[in-house]
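Fold and geometry: a report
Spelled out from the first residue to the last, the chains are:
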Amino acid sequence: MEVAAPEPARGGGNPLKNMFRMRETGLIAIIVLLFAVMSFASPYFLTWVNMRAMAMAFAVEGVVVVGMTILLISGGIDLSVGSVTALAMVIAGWLFLQGVDPWVASGISIASCTAIGAFMGFFVTRIGLHHFIVSLAVMVIARGICLLATGGRPLGLYTLPPEFKFIGQGSIGPLPLVIIIFLVVVLAFDFMLRRTTMFRKVFYTGSNEKAAAYSGIKTKKVIFLTTTLCSALCGFAGIIYMARFGSAQPTFGIGMELNVIAAAVIGGASLSGGSGTIFGAILGTILLSVVSSSLALLDVSVYWQDIIRGSILLSAVSIDHYLHKIRA
Amino acid sequence: MEVAAPEPARGGGNPLKNMFRMRETGLIAIIVLLFAVMSFASPYFLTWVNMRAMAMAFAVEGVVVVGMTILLISGGIDLSVGSVTALAMVIAGWLFLQGVDPWVASGISIASCTAIGAFMGFFVTRIGLHHFIVSLAVMVIARGICLLATGGRPLGLYTLPPEFKFIGQGSIGPLPLVIIIFLVVVLAFDFMLRRTTMFRKVFYTGSNEKAAAYSGIKTKKVIFLTTTLCSALCGFAGIIYMARFGSAQPTFGIGMELNVIAAAVIGGASLSGGSGTIFGAILGTILLSVVSSSLALLDVSVYWQDIIRGSILLSAVSIDHYLHKIRA
Amino acid sequence: MTDDVILKISHVSKSFGAVQALNGVDFELRKGEIHALAGENGAGKSTLMNIIDGILQPDSGEILLDGQVVRISSPAEAQKLGIGFVHQEISLCPDVSVAENIFMAATNVSRAFLTDYQALQRDAGVILSQLADIDPSWPVRELSISNQQLVEIAKALTLDCRVLILDEPTAALTEKEAQVLFQIMRRLADRGISIIYISHRMAEIFDNCDRVSVFRDGRYIVTHKVRDIQPGTIVNAMVGRMIDNLYPAKMTAAQTSDEIILKVSNLSEAVRFNGISFELKKGEILGFAGLIGSGRSEIVKGICQLEGTVTGDTWLNGQKLALKHYSDSIAAGMVYLSEDRKGDGVFLDMSISANVSALKLGQVSGPLGIINTDKEDGQAEKLGHMLNLKHGQLSDPVSSLSGGNQQKVAIAKMLSVDPKLIFLDEPTRGVDIGAKSEIHRILRDLARSGVGIIVISSELPELIGVCDRVLVVREGSISGEVAGDAMTEENIMHLASVLETQKKTA
Amino acid sequence: ANTTSTSAAETIQCEPGETYVMNVMVSSHPYWVPVYQGFKQAAAAFGCETIFSGTPDYDITKQIASFEQDLVKSPAGILLHPMQADPFIQPIDQAVDGGTPVVTFAADSPNSKRSSYITSDNLAEAKFAAEEIVKQLGDSAEYAVLENPGQSNHDLRVTAFISYMEDNYPDMKLVGRQATNQDSNAAYRATASILQANPNLGALWIPEAGSAEGAVSAVIEAGASPLVIHADITPTTLEHIKAGNIHMALSPNQGMQGFLGFLATFFAVHSEVFDPFNDYKVSGYTPFQLPFADNGFAVITKANAESFDLNKYMEGRDPN
Ligand SMILES: Nc1ncnc2c1ncn2[C@@H]1O[C@H](COP(=O)(O)OP(=O)(O)OP(=O)(O)O)[C@@H](O)[C@H]1O
Ligand SMILES: Nc1ncnc2c1ncn2[C@@H]1O[C@H](COP(=O)(O)OP(=O)(O)OP(=O)(O)O)[C@@H](O)[C@H]1O
Ligand SMILES: [Mg+2]
Ligand SMILES: [Mg+2]
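Residues numbered from 1 in each chain as written. Chains lettered and ligands numbered in written order. Predicted model: local features only at pLDDT ≥ 70, side-chain atom pairs only at ≥ 80, totals over all residues. Heavy atoms only, no water.

In the nomenclature of an unreviewed UniProt entry, chain C is known as Autoinducer 2 import ATP-binding protein LsrA of Roseibium limicola. One UniProt comment on chain C, placed under Catalytic activity (unreviewed entry), says "ATP + H2O + (2R,4S)-2-methyl-2,3,3,4-tetrahydroxytetrahydrofuran-[AI-2-binding protein]Side 1 = ADP + phosphate + (2R,4S)-2-methyl-2,3,3,4-tetrahydroxytetrahydrofuranSide 2 + [AI-2-binding protein]Side 1." We quote the UniProt Subunit (unreviewed entry) comment for chain C here in full: "The complex is composed of two ATP-binding proteins (LsrA), two transmembrane proteins (LsrC and LsrD) and a solute-binding protein (LsrB)." (UniProt positions renumbered as here; feature names shortened; annotations may be inferred.)

Taking an unreviewed UniProt entry as the reference, chain A is identified by name as ABC transporter permease belonging to Roseibium limicola.

See the structure below:
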């Protein structure tokens with residue numbers, strides 16, 4: 001369906017790197033433009049406090065975007081990210097309220113989310129169902145477990161020890177720990193995805209599963225692992241949210257999946273697998289989030305916000321696509 | 001990604017028809033089983049009134065499912081269906097409150113939705129963006145227009161003339177008009193999709209866009225038209241909802257897209273295009289809807305409903321897939 | 001060459017539903033030999049190779065490697081056992097670079113934590129340099145089908161294998177590249193590597209292979225030493241009868257007509273070709289020859305408005321054409337058979353009937369545009385029979401057919417519309433010798449009945465055997481024309497590559 | 001926000017540019033519209049300026065970001081509807097410590113340093129609905145509820161209703177309890193099924209209006225006549241009340257919520273006019289505190305329905 005424009009990497013140096021770099025310059029330009037416009041429109045925009053508030057708004061979701069991007073590259077998709085993130089909060093919060101040490105509770109919670117990912121991976125690779133339908137079912141089930149465990153009410157975790165809350169609320173120097181964690185996760189996975197042989201297999205599998213299998217790659221294993229990794233990162237994100245909010249919310253993350261997938265796609269990930277970068281996906285996240293934050297800062301009427309947001313999204317993607325095309 | 005298993009239709013007669021028939025027998029079996037279990041579990045289940053109520057619950061959404069299925073077959077997807085359906089209600093309702101004749105208002109509203117579909121089709125076929133991202137943007141924009149036009153408040157249309165409300169609330173003999181409309185739309189499109197040359201091109205395009213172009217098919221036109229048709233059917237559905245509820249709700253249909261896509265996929269539509277049937281998709285709709293209605297009829301605890309629904313969805317799809325595999 | 005058997009297939013059977021693809025076949029491969037495998041389309045060659053590579057599991061029978069019974073459950077395992085496989089259908093990852101594709105198997109087993117892209121490219125460049133001029137940094141989706149085929153071959157050369165399977169690797173290659181491949185194959189065999197070589201081109205088998213085994217209808221028939229026999233023996237074993245005339249008789253002087261079917265004048269495209277002018281006379285079959293990437297396909301696609309923005313004039317049967325879209329071309333009776341069968345020739349997951357009718361649905365539908373499935377099946381049945389299509393049900397997806405039979409479906413699709421002019425791009429790619437001569441005969445009959453036929457082929461003997469006249473394309477323009485006795489491989493090759501030599505001497 | 005005027009006690013007024021923010025989640029929801037009108041009217045009385053802010057999404061991260069962005073503009077005070085209690089503790093405390101008083105409304109963050117909390121008493125609404133049902137049907141009928149698990153005020157309306165019934169009228173029988181999540185089609189489906197399973201259903205309590213719209217369609221189609229009572233109001237349910245399809249609606253007094261919300265915020269900012277008999281001076285908190293203020297609710301029936309048409313009310317008013 002997608003007729004991707006050719007991307008010959010004619011320049012010198014590492015051509016693959018060049019190719020990736022090219023993919024994202026358009027998005028960077030758009031974001032820079034947005035920042036420029038906003039700093040004229042509002043004197044508050046370029047303040048440190050506003051920047052921090054905006055970064056805090058996308059940092060944890062960014063961790064989920066990382067998992068989703070890798071899964072998309074391998075040819076999968078996951079609609080359950082919102083529910084699983086909420087479930088991570090609920091499991092850890094519930095255990096904590098039962099008297100379990102919060103660190104242990106978090107470990108169990110992340111392990112459970114990983115198990116959910118493995119469960120989905122099993123249905124996809126062994127039974128042969130499509131990611132879409134499996135993750136949709138799991139999205140509903142995980143939300144149900146959240147409601148069942150909490151009776152639909154948020155769990156107040158005000159009593160979490162300060163060392164634990166530090167994950168979500170503390171700062172090292174001027175930088176909130178949440179943002180540091182975000183940066184570490186993003187940089188680590190970006191590097192691994194670009195450079196390690198392990199993650200190259202993810203690209204091969206997503207690009208042409210048959211060809212990859214013919215080359216001896218255990219493609220089912222790859223898909224199983226990317227599915228599991230995505231859920232595990234949701235679990236991790238849930239724990240950070242819990243530490244940040246000091247509560248576990250059974251209704252957290254409803255509709256998150258579309259936002260996360262959109263971010264990855266804006267950043268160049270293909271819904272049919274085989275291409276995408278973490279860096280691009282994070283730029284997509286930043287774009288979406290900064291637009292929302294900016295509209296809030298400018299006090300745009302709520303009734304206009306959606307219209308403006310949608311239009312900016314559509315124009316940004318079109319411009320990016322156009323820039324990409326003329327450069328090729 | 002999906003390695004479609006071959007579907008040999010060994011029996012005699014019309015082989016295409018056989019193939020389609022085979023695809024759906026598994027689903028039919030599952031639905032029959034569900035009906036059997038339910039009629040034991042509740043004495044009210046197999047009553048005419050309950051059947052009618054259950055049918056009313058999915059009939060209008062079924063119209064949207066038809067549009068989505070055709071779009072999926074052509075290789076597209078539409079996340080904006082819920083918003084566009086709501087927008088249809090809002091446009092028609094708003095015009096009506098301004099004094100426009102409700103039939104004229106409905107015509108304008110459906111035409112506007114069709115234009116939105118054409119707008120999306122333009123971005124997909126001319127600019128070259130992916131359906132996912134375009135329809136996501138339109139989903140947000142259409143919702144924004146709903147909010148802007150109504151200030152977020154539902155429009156009370158209690159004063160709609162009875163002839164108009166008849167569309168949504170009237171019956172012909174024992175059959176509600178809504179169900180008759182649903183049946184007509186489904187049967188007409190099912191027939192056309194299976195048998196007409198026009199819709200055959202949709203299959204060719206979705207199966208292999210390049211090969212279709214190399215067969216002289218104007219694939220962009222096909223995609224443009226299926227995209228437009230899907231939105232037009234959303235517009236039509238919105239008008240029926242309006243006549244039925246006597247109100248226009250700007251927040252109607254949030255999350256509808258996943259339900260609708262799931263129904264089509266359960267019914268055998270492929271997310272990568274090229275296959276699917278209206279009949280199957282409607283069976284998918286019925287399955288999802290009857291499960292919800294049944295849980296309500298049995299008064300299952302709300303906290304368990306999601307878990308049970310998700311599990312039934314997953315089992316049904318697995319069983320269907322398995323039956324399909326052993327038959328092949 | 002020694003006589004030790006490295007790979008032995010014993011009584012292997014495999015069926016797909018009702019289709020018995022392999023029926024108790026035996027096969028022996030010796031160390032260091034090049035062993036050809038011949039058989040009609042659908043004889044089960046690829047199926048057996050897929051079993052050896054672990055892609056398919058046999059229903060019964062055994063595989064012995066070095067005398068040991070082995071169970072090969074996946075390509076990964078086959079690789080571990082030292083089996084390499086170049087597939088009949090190209091299977092590369094379109095999104096990643098040529099270099100990465102070539103070393104995919106190596107990357108898979110590599111213990112290195114990081115991928116060294118520079119080394120990959122350097123090494124890929126070395127391997128490619130023996131084969132063709134392909135930039136290893138390009139994503140594979142940018143390559144033409146023939147270049148992709150070369151990448152497939154390069155990929156196999158990186159494998160550290162004892163048994164190398166090549167399933168019709170030359171189907172999309174020209175003589176020049178094929179010769180390079182044969183040299184490489186011989187070098188490998190001399191190093192003790194055993195090669196299974198599948199091809200429908202008799203000349204290749206006889207020039208390059210040591211032994212040949214023949215399959216028919218899923219059964220093993222016979223194995224011969226190549227030097228002991230004549231091509232006729234093989235053909236006979238394959239099809240169960242003699243084929244005396246491989247190519248049909250050409251147009252006689254008496255049949256020559258002055259009537260012009262197609263006239264092309266000064267056709268140009270921005271980058272891919274320019275100044276193309278030629279005429280096609282009634283009753284004649286015109287050939288297009290050229291090296292890989294010379295632009296033959298592009299010219300023909302340009303004429304029927306499939307690709308590119310083209311300037312210039314075209315007349316069909318005296319009528320000036322003003323085509324806007326390929327559908328106009330079809331309506332005018334001018335159709336194109338694609339060289340990329342899998343990519344744009346057939347709808348793999350749709351039924352045979354639906355594939356055949358795709359070009360002109362109006363032919364199988366009633367007045368309201370309602371498809372008459374009986375008519376549709378009848379049309380597929382008729383054309384399938386004519387082309388000797390081996391298939392199960394007409395409702396089966398095309399993906400269930402063997403490669404050569406898929407090609408026949410693609411040809412049936414073209415013929416279904418009763419065209420006035422057909423461009424055939426590699427028409428017999430992967431088609432067996434019997435069906436090939438049948439197709440050639442059909443082309444000749446069509447030409448006699450006044451249909452214009454233009455054939456692009458990388459197989460020079462085919463061009464020479466079938467065509468009355470051949471135009472040679474070089475770097476996007478026509479560099480010469482040969483006809484009659486001047487139609488020799490040497491003359492064509494000279495015209496196709498003269499510039500290269502000039503360049504070198506300059 | 002430190003007024004130095006000595007005559008503040010006589011003419012308490014905002015300084016030019018003194019701005020008050022009302023921050024909510026799902027800011028496009030019509031519920032906020034009359035609340036903000038009340039807020040604005042009170043502000044106008046004191047010559048203050050107002051901003052309506054928040055996030056259109058049901059997303060706590062975004063609401064916290066918008067709250068923090070409000071602070072960047074240094075408003076005098078903030079009237080906040082916190083989507084969840086605990087996540088807002090830190091942001092509220094940070095705001096209050098930084099000199100911006102925060103008042104919560106409709107949902108609370110009790111462990112934070114917010115100075116007041118204005119709400120409608122969901123328990124009182126639930127109790128009123130229960131009493132009304134018993135009054136109409138006697139104390140041994142069947143009833144059902146629709147609900148929206150996860151949204152605290154809706155949860156409260158339902159759970160309080162059920163436990164009040166169980167405690168006071170043990171013969172009243174709960175026969176159906178379905179989640180419809182404010183989706184009218186889901187409510188239609190659930191109500192139709194409940195009516196099937198319980199032909200003798202006497203009453204239906206719905207904690208919000210969106211579900212009520214769908215539920216009424218099902219009731220009318222089934223030809224049943226349970227007593228429908230719901231909370232909140234929309235133009236459509238209003239018409240159903242007028243037509244007698246819905247017995248009554250209990251709607252929180254939104255205008256009062258906003259008006260009182262402003263007053264609580266304003267006096268938290270201008271607390272210099274107030275010197276109460278307590279320890280605020282040594283303990284350092286705002287003297288003006290309302291730990292819980294009930295804004296009351298309206299009972300909407302056929303008789304008074306005309307006054308609750310929001311579209312009519314908003315004619316000629318600026319929603320922003
Ligand atoms: N996946 C499949 N499903 C059903 N039938 C199949 C499948 N794969 C192969 N066949 C059938 O098995 C038979 C043998 O096919 P195979 O591909 O081995 O032939 P081949 O000798 O390689 O022919 P060719 O020269 O055309 O490549 C054919 O009749 C084919 O239709
Ligand atoms: N999609 C494309 N993008 C860029 N260049 C292309 C594309 N397709 C073909 N080309 C280039 O156009 C030129 C002509 O290609 P064409 O396929 O017509 O050659 P050909 O003579 O048919 O050879 P082949 O044997 O490869 O089919 C080649 O240089 C080829 O690389
Ligand atoms: Mg083969
Ligand atoms: Mg070519």
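Okay, back to it.
1. Some details on the overall build of chain C
The helix and strand tally for chain C stands at 18 helices and 20 strands. Here chain C has a C-alpha radius of gyration of 23 Å; the compact-globule value for 506 residues is 23 Å, and the two agree. The principal-axis extent of the C-alpha atoms belonging to chain C is close to 70 × 60 × 45 Å. Classification of the 506 residues of chain C by burial places 60% in the buried group. In chain C, 68% of the contacts between residues at least 6 apart in sequence involve partners at least 24 apart. If you sum the accessible surface of chain C, you get close to 19300 Å²; carbon and sulfur atoms cover 49% of it. Counting 50 positive and 65 negative side-chain charges, chain C places the averaged centre of each group 1 Å from the other. (Helix = DSSP H or I, 4+ residues; strand = E, 2+ residues; numbered from the N terminus. Rg over C-alpha atoms; globule rule 2.2 N^0.38 Å. Buried < 20%, exposed > 50% of the residue type's maximum accessible area, 1.4 Å probe, protein only. Contact = heavy atoms within 4.5 Å. Areas by Shrake-Rupley, 256 points an atom, 1.4 Å probe, with all protein chains shown as cover. Lys, Arg positive; Asp, Glu negative; His and termini not counted. Charge placed at Lys NZ, Arg CZ, Asp CG, Glu CD.)

2. A look at the UniProt feature "transmembrane region" (unreviewed entry) in chain A
All names here are of chain A. UniProt feature "transmembrane region" (unreviewed entry): in the numbering of this structure it lies at residues 26–46, 52–72, 79–97, 103–125, 132–152, 172–193, 222–243 and 278–297. In residues 132–152, helix accounts for 90% and strand for 0%; the two terminal C-alpha atoms are 26 Å from one another. Its end C-alpha atoms 28 Å apart, residues 172–193 is made of 77% helix and 14% strand.

3. A short note on the packing of aromatic side chains
Tallied over the entire structure, the rule returns 42 aromatic pairs over all chains. Between Trp103(B) and Phe164(B), the ring centres sit 5.0 Å apart and the planes meet at 70 degrees, which makes this aromatic pair edge-to-face. With a gap of 61 residues between them, Trp103(B) in helix H4 (residues 102–127) and Phe164(B) in helix H6 (residues 162–169) connect regions that are remote in the sequence. Considering the side-chain rings of Phe278(C) and Phe288(C), the 5.4 Å spacing of their centres and the 75 degrees angle between planes classify their relative orientation as edge-to-face. Note that Phe278(C) is positioned in strand S12 (residues 276–281) and Phe288(C) in strand S13 (residues 285–290), a separation of ten residues in sequence. (Phe/Tyr/Trp six-rings, centres within 6.5 Å; stacked < 30°, edge-to-face > 60°.)

4. Some details on the coordination of the magnesium ion (ligand 3)
Protein coordination at the magnesium ion (ligand 3): the donors are Ser46(C) (OG) and Gln88(C) (OE1), at 1.9 to 2.1 Å from the metal. Here Ser46(C) is found in helix H1 (residues 45–52), whereas its partner Gln88(C) is found in the loop between strand S6 (83–86) and helix H3 (98–102), with 42 residues between them in sequence. (Donors = N, O, S within 2.8 Å, 3.2 Å for Na, K, Ca; no water.)

5. As for the site of ligand 1
Residue and element names in this part refer to chain C. In the vicinity of ligand 1 lie 20 residues, with Asn-41, Gly-42, Ser-46, Thr-47 and Gly-404 positioned nearest. Contacts to ligand 1 include Lys-45, whose side-chain N or O atom sits 2.8 Å from an oxygen atom. Thr-47 places a side-chain nitrogen or oxygen 2.5 Å from an oxygen atom of ligand 1. Looking at the shell around ligand 1, the elements with two or more residues in it are strand S2 (19–30), H1 and helix H15 (403–415). A per-class count over the shell around ligand 1 returns five nonpolar, eleven polar and four charged. (Near = heavy atom within 4 Å. Polar contact = N/O pair within 3.5 Å; in protein donor to acceptor, adjacent residues only side chain to side chain. Nonpolar A, V, L, I, M, F, W, Y, C, P; charged D, E, K, R; others polar.)

6. Focus: the pairing of strand S10 (residues 248–252) of chain D
All names here are of chain D. The buried fraction of S10 amounts to five of the five residues, a majority that puts the element mostly inside the structure. With burial as the criterion, each face of S10 is covered, one bearing Met-248, Leu-250 and Pro-252 and the other bearing Ala-249 and Ser-251. Viewed along the sheet, the connection from strand S9 (residues 227–231) through helix H8 (residues 235–243) into S10 turns out right-handed. With four bridges connecting them, S10 and strand S12 (residues 297–300) associate as antiparallel partners. (Right-handed = clockwise from strand over helix to strand, strands pointing away. Pairing = 2+ DSSP bridges.)

7. A word on empty space enclosed by the protein
Per the stated rule, a full pass over the model turns up twelve cavities of 30 Å³ or more. Quantified by volume, the largest cavity comes out at close to 170 Å³. Considering the residues around the largest cavity, the lining is formed by 18 residues, among which Tyr214(A), Ser215(A), Phe85(C), Lys155(C) and Leu159(C) are closest to the centre. Elements supplying a minimum of two residues to the lining of the largest cavity: helix H2 (75–80), S6 and helix H6 (145–157) of chain C. Per-element accounting of the lining of the largest cavity gives the leading share, four residues, to S6(C). When its residues are assigned to classes, the lining of the largest cavity shows nine nonpolar, six polar and three charged. As a volume, the second largest cavity reaches approximately 110 Å³. In this structure, the second largest cavity is lined by 15 residues; those nearest its centre are Ala171(C), Arg201(C), Thr428(C), Gly430(C) and Glu459(C). Here the residues of the lining of the second largest cavity sort into two nonpolar, six polar and seven charged. (1 Å grid on protein atoms, 1.4 Å probe; cavity = no way out; pocket = protein on both sides within 12 Å on 5 of 7 lines; lining within 4 Å. Points joined across faces, edges and corners; volume = space filled by probe spheres on them.)

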